[in-house]
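# Structural features, examined
Below are the chains, spelled out letter by letter.
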Amino acid sequence: MQVIYPENEQERLEELRRYNILDTLPDEDFDDLTSLASQICGAKVSLISLIDKDRQWFKSQFGWDLGVDETSRDVAFCSHTILQPDQPLVVQDARSDERFRSNPLVLDDPNIVFYAGMPLVTQRGYALGSLCVIDHEPHQLDELQLSALRKLARQAVRLFELRRAVDRGNKLLRERESAYKLLTDFSHVIAHDLKAPVRNIRQAGELLREDYHDLLPEDGMSLVKMIERRATDATYMIEGVLTYSKAAHTLKVSFEEVNLRDTIERAVRHIQIADTCAVEYLGTVEVLQSSSIALLQIFQNLIGNAIRFNDKKECRVEISGEFDKDSGYTFHVRDNGRGIPAHHLDAIFRLFHTALDAEDILQGHGVGLSIVKRLVEALGGAISVSSEIGVGSTFTFTIP
């Protein structure tokens, strides 16, 4: 039998390939649709059929006893259905229809007499196949049955879309895992191939300064000191990259019940603050379900920065936390430090961005706040900062 092709056949086949559904395993969700279609239309057989280049392939079969997953396209009723994507194809008696009366599927097993197919049309307007019902005797569908068949066909296409979205998600996940592996390899290179030569440069500068300071002119000694400072800067940056690359792996641990006061006290102990600094928790949140390691790193970085760059004789850090059923947990970390210039506020969380004065540059390179932002967002939250020069800063973050 001769196949009649749609005018957009090449584009239609490309669309079919994009869904990557041909020759996939049976799926209960699709089987539910064919079962419902058969019951609603009172037909013995229902199929979800996709029209490939030379064949029709069945994603789902109900009441189909041939024991095959596909047939040749030239005998497929659904091959005719896709020719008019905007309407169903209904054949009440194929034995008297000149298009099908000599079709082997009519003359022999399964002896198709009645057929009604609803095109499976994608969002881009391509008919990939049909949801059809079949019977062995003449039949007729009323408007309610045709309407139900149309709705079931739309659900089948939505399942195609959902499957493609899941495939895309899995692909992105694999790409992300691959990127993490590359990042781990890169970190290994940094640790072993960059740290050693940078350390050697710094040591060479120290030897020059200690052993040859009497032989070098003043400008020569200035250059030696500059070499030492730049080598120290590079060391901090290398350590920062390593710390930042490891931050996301913190969240691989399972969530657990976290005592917030204990977590903040642990963070303070790790920082080893001076007696002139006070850290106080004033919040109402005592316990929450989260990653204890992530929260420890978040508070440790925020409290550490507040203390490290405080310019007051008596530094003070106040932490508050409250819970709202709509917005979740909100935490504030306030300090009485020097404040952050307004033109730095939008960029403060970028990796290696720093708002420090020149004399403080060796104390940090903006890695800590980048890690905090990464961890908060990985927990599903967000972080922001407000600041007033000479008064202090407030970092606010949420966890849903």
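Because the structure is a prediction, the values reported are computed rather than measured. (Residues numbered from 1 in each chain as written. Predicted model: local features only at pLDDT ≥ 70, side-chain atom pairs only at ≥ 80, totals over all residues. Heavy atoms only, no water.)

### Regarding the confidence of the model for the chain
Summarising the model, the chain shows a mean pLDDT of 86, and 88% of its residues fall at 70 or more. Overall, residues 358–364 carries pLDDT values under 50, and its contacts beyond four positions in sequence, including any with other chains, amount to 11 contacts. (pLDDT = per-residue confidence, 0-100. Contact = heavy atoms within 4.5 Å.)

### A closer look at the environment of Phe77
Position of Phe77 relative to the elements: it lies in the loop between β3 (70–72) and α3 (78–81). Assessed through its relative accessible area of 2%, Phe77 is described here as buried. Note: C-alpha distance between Phe77 and Asn103 (26 residues apart in sequence) is 9.3 Å. Excluding residues within four positions of it along the chain, Phe77 makes contact with Leu89, Ala94, Phe100, Asn103, Val106, Ile112 and Tyr115. (Helix = DSSP H or I, 4+ residues; strand = E, 2+ residues; numbered from the N terminus. Buried < 20%, exposed > 50% of the residue type's maximum accessible area, 1.4 Å probe, protein only.)

### Focus on helix α7 (residues 260–271)
Here α7 contains 12 residues, and its C-alpha end-to-end distance of 17 Å stays within 8% of the 16 Å for a straight helix at 1.5 Å per residue. The set of residues buried in α7 consists of Leu260, Thr263, Ile264, Ala267 and Val268. Buried residues of α7, seen end-on, are gathered within an arc of 135° and therefore sit on one face of the element. Those residues of α7 hidden inside the fold are in contact with β7 (256–259), β8 (277–281), β9 (287–290), α8 (292–308), β10 (315–324) and β11 (328–335). The N-capping residue of α7, defined by a side-chain oxygen 3.2 Å from the backbone nitrogen of Arg261, is Asn259. Looking at the residues trailing α7, positive phi occurs at Gln272, about 60°. (Expected span 1.5 Å × (residues − 1). Arc of directions from axis to C-beta. Polar contact = N/O pair within 3.5 Å; in protein donor to acceptor, adjacent residues only side chain to side chain.)

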